[in-house]
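Residue-level structural notes
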Amino acid sequence: MEDKIKFDMEFTIHASPQLLYQYISTPSGLSEWFSDNVNSRGELFTFIWDDSEEQAKLLSKKSGERVKFRWLNDEEDTTSYFEIKIQVDEITKDVSLIVTDFAEEDEIDEVKMLWENQIGSLKQVLGSA
């Protein structure tokens, strides 16, 4: 199995960090933009799209700041994860989302496009598009 490559993407979002955190850390918030529906039992989150579902384990979260998940279908790959982090510029107070994810080399462009679409949906939900 090829090692996945880590990459970061940054998106400027016009919303308060507190509001943004609700959208990246709660099942109801995530189901507004990330997938059609999200259920959680403790650290286990189930993301549902049309006719498929994926489970992810919440690895860590820091209130108002970041969430980190690992897809459970990647049993043999225990090093990759995806993290959504809220960053506020000290000077300008601009709010950004930093997405960290992993993909195989030939899938990086596709995965980045997927994140751009997902964050685009988030911006629409927040009214910051």
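For the structure itself, look to the data block above.
Residues numbered from 1 in each chain as written. Predicted model: local features only at pLDDT ≥ 70, side-chain atom pairs only at ≥ 80, totals over all residues. Heavy atoms only, no water.

1. Regarding the pattern of salt bridges
Rules: Here a salt bridge means any side-chain nitrogen of Lys or Arg lying within 4 Å of a carboxyl oxygen belonging to Asp or Glu. Think of it this way: any DSSP run of H or I at least four residues long counts as a helix, any run of E at least two long counts as a strand, and we number them from the N terminus. The cut-offs for exposure are 20% and 50% of the maximum accessible area for each residue type, with area from a 1.4 Å probe on protein chains only; residues under the lower value are buried, those over the upper are exposed, and the others partly exposed.
For the structure on display, the rule yields three salt bridges. One salt bridge in this structure joins Lys57 and Glu43, with 4.0 Å as the shortest N-O distance. Here Glu43 lies in the loop between strand E2 (37-41) and strand E3 (44-49) and Lys57 lies in strand E4 (residues 52-62), a separation of 14 residues in the sequence. Judged by relative accessible area, which is 33%, Lys57 ranks as partly exposed. The partly exposed category is assigned to Glu43, whose relative accessible area is 47%. With its nearest N and O atoms 3.8 Å apart, the salt bridge here joins Lys62 to Glu65. Lys62 gets classed as partly exposed once you look at its relative accessible area, which sits at 41%. What makes Glu65 partly exposed here is its relative accessible area of 30%.

So far we have only geometry, and geometry alone does not tell us how the molecule works.
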